[in-house]
Structure formats: C-alpha cells, structure tokens
Amino acid sequence: GAVVSQHPSWVICKSGTSVKIECRSLDFQATTMFWYRQFPKQSLMLMATSNEGSKATYEQGVEKDKFLINHASLTLSTLTVTSAHPEDSSFYICSALDRGEQPQHFGDGTRLSIL
Amino acid sequence: KQEVTQIPAALSVPEGENLVLNCSFTDSAIYNLQWFRQDPGKGLTSLLLIQSSQREQTSGRLNASLDKSSGRSTLYIAASQPGDSATYLCAVNGANNLFFGTGTRLTVIP
C-alpha cells in the first residue's frame, strides 16, 4: 500500500517552455504533499509543502510564481515549472502523507532537462 | 535550521564485508529519523524509520541506531552484497519537514 506515482519520469524540453509534473497517491488520501528538488550530487531540498484545497507553502528562496503548485484533490498534486530555463534542470521528487500520518511516501521522481 | 551531515561521502568495500554509515544532525528535537536508499536516477526507497523514542530498528541485514542526545545515527549493513551498491540518505523529521543529508555513495565490489 501507500504508493505514490509521479509522471512523467523524464522530460526534455526547450528553454522557455512550461512543464507540468503530476504526483498521484494511488491507494490513499494524501492531505499533504511535498515537492523536493535534487541537483546532481546534492541531497534533496524541500521546495514546498501543499495541503489539499489550500495554497502551498514555499521554502525560502523558491519562487512561487515560477514553481506553481496545485493540490486540488486528495490524490493529485501538480508542479508546473513556468518558462523553464537550463538552470531549472534537476531531479524533482514528490512525497505524500497518508491522511497526515508519517512517514512520507515518495514518488520515483522526474528528471527535467531544459535545453 | 536543522543540518544533516553524512560521513563518508563515498565508500567502496569488497563483497561480504560489514560496514557502517554515519549520520549526524544539529538539532536533537526530532520526531523520527529515516534511512533511504537511492539508486542512480531513481526515487527513494525507505529502508528504516526510527521514532525519536527508539534506539534502533532492524530489517534483515540492516540495523539503524539513533542517539538523539548526541545527534547521531548509524546504519549498519551486514554481509554486504553488490546489490547493496547505491546512495544511502539519512533524513531527519522535524514537524513534517524532512531534512536530508548529502548521502553516502556505497560501492560493493564483487
């Protein structure tokens, strides 16, 4: 149980494109979801926390207008990287809490490459 | 702000050896600590979770310990196998926020 599906797993696109990444909880209600970013050879850094039906809380230094997060249902959160540039190339991973309970369940991540 | 450090950054061992990975954190006010495995280009696989009230957890060949007062955790891997090669991440949970270490990249040589 507690499976988190993330899609797509890999995306390559041109600079200036907006990219949407989906994070779905397949068999539980995810009241809280988290979005992390991981640059090569670095650890995961929390970008934002989203609670279903409310606005996301962004970590310091993360531009909320560039990284749009929507958590409109209990099973789906989306991260849209708007007007992506090469410096946004990274590995993005989502996680979710099952009805608010620990531990976090992680998706398999999305590798984003901006040309 | 919580800071999590993992030592060593990389480790190579011959197959069959026992090994220890280290994790230290600066703020002892934690809810729990998790050890994850990450294969190249992949997501995270949760290995062990230790609640703040616990001292250790075991799963198969893995044993994780926690000394909250000193801000340390260790992951012990017994009888290492080539399939254990991966990056191991330690993450400390403070009120729903996970703080990750930079990981230890383990290579087990056949």
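Residues numbered from 1 in each chain as written. Chains lettered and ligands numbered in written order. Predicted model: local features only at pLDDT ≥ 70, side-chain atom pairs only at ≥ 80, totals over all residues. Heavy atoms only, no water.

### Quick notes on the side chain of T110 of chain A
Residue and element names in this part refer to chain A. So the rule is basically this: A run of H or I in DSSP counts as a helix once it spans at least four residues, and a run of E counts as a strand once it spans at least two, with each numbered from the N terminus. The buried label goes to any residue with under 20% of its type's maximum accessible area, the exposed label to any with over 50%, and the partly exposed label to all in between, with areas taken from a 1.4 Å probe on protein chains only. Polar contacts, as used here, are pairs of N or O atoms within 3.5 Å; protein pairs need one atom able to donate a hydrogen and one able to accept it. Residues neighboring in sequence count only if both atoms are side-chain atoms. The contact rule is simple, with two residues in contact once any of their heavy atoms fall within 4.5 Å.
Tracing the backbone through its elements, the reader meets T110 in strand β11 (residues 110-114). With a relative accessible area of 0%, T110 lands in the buried category. Looking at T110, its side chain comes within polar contact range of the side chain of Q6, at 3.1 Å. Polar side-chain contacts of T110 include one of 2.5 Å to the backbone oxygen of P8. Excluding residues that lie within four positions of it along the chain, T110 makes contacts with Q6, H7, P8, S9, V11, I21, S90, F91 and Y92.

### Focus on the interface of chain A and chain B
For clarity, the cut-off: A quick way to say it: buried area is the sum, across both parts, of accessible area lost when two parts are put together, with a 1.4 Å probe. Salt bridges, as used here, are contacts in which a Lys or Arg side-chain nitrogen is within 4 Å of a carboxyl oxygen on Asp or Glu.
Each partner contributes to the interface: chain A provides 19 residues, whereas chain B provides 18 residues. With both chains or domains summed, chain A and chain B bury close to 1,300 Å², and 52% of this area falls on carbon and sulfur atoms. Sorting the residues of chain A by area buried against chain B places S43, Q102 and F106 of chain A first, and these three jointly supply 33% of that buried surface. At the junction of chain A and chain B, the tally comes to 0 salt bridges. The interface formed by chain A and chain B holds 4 residue pairs in polar contact (both at pLDDT 80 or more) in total. In terms of residue count, strand β10 (residues 101-106) of chain A provides more of the side of chain A that touches chain B than any other element does, 4 residues in total.

### A short note on the confidence of the model for chain B
Just so we agree on the cut-off: Each residue carries a pLDDT score, the predictor's confidence in it, ranging from 0 to 100.
Across chain B, pLDDT averages 94, with 99% of residues at or above 70. The secondary structure element of chain B with the lowest average pLDDT is strand β10 (residues 97-100) of chain B, at 89, and the one with the highest is strand β8 (residues 72-77) of chain B, at 98.

### Describing the nonpolar core
The test is simple: We define the nonpolar core as a collection of buried residues of types Ala, Val, Leu, Ile, Met, Phe, Trp, Tyr and Cys that are connected through side-chain atoms lying within 4.5 Å of one another.
Membership of the largest hydrophobic core comes to 24 residues, with the highest contact counts inside it found for W35, F67, L79, Y92 and L112 of chain A. Of all hydrophobic cores here, the second largest spans 22 residues; its members include C23, W35, I50 and L75 of chain B.

### Structural notes on the side chain of Q104 of chain A
Residues and elements named next belong to chain A. Relative to the helices and strands, Q104 is located in strand β10. Polar contacts involving the side chain of Q104 include one to the side chain of Y36, which spans 2.9 Å. Within polar-contact distance, the side chain of Q104 engages the side chain of S95 at 2.7 Å.

### A few points about the sheet that holds strand β3 (residues 19-25) of chain A
All names here are of chain A. Rule in force here: Here, a strand pair is defined by DSSP locating no fewer than two bridges between the strands. All axes are obtained by fitting lines to C-alpha atoms, using only the stretch in contact for helices, and the reported angles, taken between N-to-C directions, cover 0 to 180 degrees.
Here 4 strands make up an open sheet; going across it, the order is β1-β3-β8-β7 and the pairing antiparallel. Because the sheet does not close on itself, it has two edges, and the strands there are β1 (4-7) and β7 (67-73). For this sheet, the mean angle separating the axes of adjacent strands, direction not counted, is 15°.

### Some points on the sheet that holds strand β6 (residues 56-59) of chain B
Residue and element names in this part refer to chain B. An order of β1-β3-β8-β7-β6 is seen for the 5 strands of this open sheet, with the pairing classed as antiparallel. The sheet is open, and its two borders are formed by β1 (4-7) and β6, each paired with just one other strand. Between one strand axis and the next, the sheet turns through 15° on average, direction left out of account. With 4 bridges connecting them, β1 and strand β3 (residues 19-25) associate as antiparallel partners. Opposite I7, over in β3, you have N22 as the bridge partner.

### Thoughts on the pattern of salt bridges
A full pass over the atoms with the stated rule returns 5 salt bridges over all chains. A salt bridge links E22 of chain A to R24 of chain A; the shortest N-O distance between them is 3.5 Å. The class for E22 of chain A is partly exposed, based on a relative accessible area of 24%. Judged by relative accessible area, R24 of chain A falls into the partly exposed class, the value being 36%. D84 of chain B is the partner of R61 of chain B in a salt bridge, and the nearest nitrogen-oxygen pair spans 2.8 Å. On the criterion of sequence distance, the pair formed by R61 of chain B in the loop between β6 and β7 (62-67) and D84 of chain B in the loop between β8 and β9 (86-94) is long-range, its members being 23 residues apart. Looking at R61 of chain B, the relative accessible area reads 28%, which means it is partly exposed.

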